[in-house]
Amino acid sequence: MNKQALIKSLTENHLAFVACINELSAEDFNDIQNEKWTAGQQLEHIYLSVKPVNLAFKLPAFLLKLIWGKANRASRSYDELIERYHAKLANGSKATGPFVPKSVDLKKGQQLKANLKNVVSKLCLSLNTYSEDELDQYILPHPLLGKLTLREMLFFTIYHVQHHENLIINQVSERPFQK
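First things first, this report covers the structure right here in the doc.

Cut-off values and rules
Position numbers for residues start from 1 in each chain and track the written sequence from start to end. Given that the model is predicted, a residue must reach a pLDDT of at least 70 before its local features are reported, and side-chain atom pairs must reach 80 or more before they are shown or counted; all residues, however, enter totals for whole chains, interfaces and linings. As a rule here, side-chain values come from all non-hydrogen atoms in the structure, and water together with hydrogens is ignored. Starting at the N terminus, helices and strands are each numbered in turn, a helix being any DSSP run of H or I of at least four residues and a strand any DSSP run of E of at least two. Each radius of gyration reported is based on C-alpha atoms, and the globular scaling rule is 2.2 Å times the count of residues to the power 0.38. Think of it in three bands: residues with accessible area under 20% of the maximum for their type are buried, residues over 50% are exposed, and the middle band is partly exposed, with areas taken using a 1.4 Å probe on protein chains only. Contact definition: two residues touch when any of their heavy atoms are within 4.5 Å. Note that His is not counted, nor are the chain ends; the positive residues are Lys and Arg, and the negative ones are Asp and Glu. Positions of charges follow a simple convention, taking NZ of Lys, CZ of Arg, CG of Asp or CD of Glu. Residue types Ala, Val, Leu, Ile, Met, Phe, Trp, Tyr and Cys, when buried and joined through side-chain atoms within 4.5 Å, form a set referred to as a nonpolar core.

## Some thoughts on the overall build of the chain
- A count of helices and strands for the chain gives eight helices and two strands.
- Counted from the first residue to the last, the chain has its helices and strands arranged as α-α-α-α-α-α-α-β-β-α.
- For 179 residues, the compact-globule estimate of 2.2 N^0.38 gives 16 Å, and the chain sits close to it at 17 Å.
- Based on the C-alpha atoms only, the size of the chain along its principal axes is roughly 60 × 35 × 25 Å.
- Looking at the chain residue by residue over its 179 residues, the buried ones come to 44%.
- For the chain, restricting intrachain contacts to residue pairs at least 6 apart in sequence, the fraction spanning at least 24 positions comes to 83%.
- On the chain, the mean spot of the 22 positive side-chain charges and the mean spot of the 18 negative ones are 7 Å from each other.

## Comments concerning the nonpolar core
- Judged by nonpolar contacts, the single largest core of 46 residues is most densely connected at F57 and L116.
- When contributions to this core are tallied by element, the ones reaching two or more residues are helix 1 (3–22), helix 3 (39–57), helix 4 (61–68), helix 5 (78–90), helix 6 (106–127) and helix 8 (150–174).
- Top contributing element to this core by residue count: helix 8, with nine residues.
- With near-sequence residues (within four places) excluded, L116 lies in contact with H14, F17, V18, L43, I46, Y47 and V50.

If you want it as structure tokens, here you go:
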């Protein structure tokens, strides 16, 4: 995926996620099943995970190199990265520390949706300051996947929001019918 395709996917996937949240009833937004996160918590988790990516992309390349170094391998493909993520999840890996959401009510959810749209928009603007080559040269740390190139981090961000949208859809569809 080149930069324009990355920007398009980042924007479309996050807007689709927000649209999915917008379609939920208040009950579905707050529903907890089998100790899984509510849709509101999924929303906060996505925001909490995009925010540091946006901050990193605001840094000049020389600082990325100074802080985290340069890649010693080619970027993985989108499919290879997603396969690696699924393997980590299958081994029981979960969100930790600052990526674990707190309780999210409807009011906070409204603010989070606006914040998420804003941070994704800023990430897409910052992405334009990097060349295609730089996306494969510089690395960032990922809490589950280790060192990722900038391109891989964007692949993850694109997929991650879809993953959580699917979790919400599945949770709502599994919810017992109540009168």
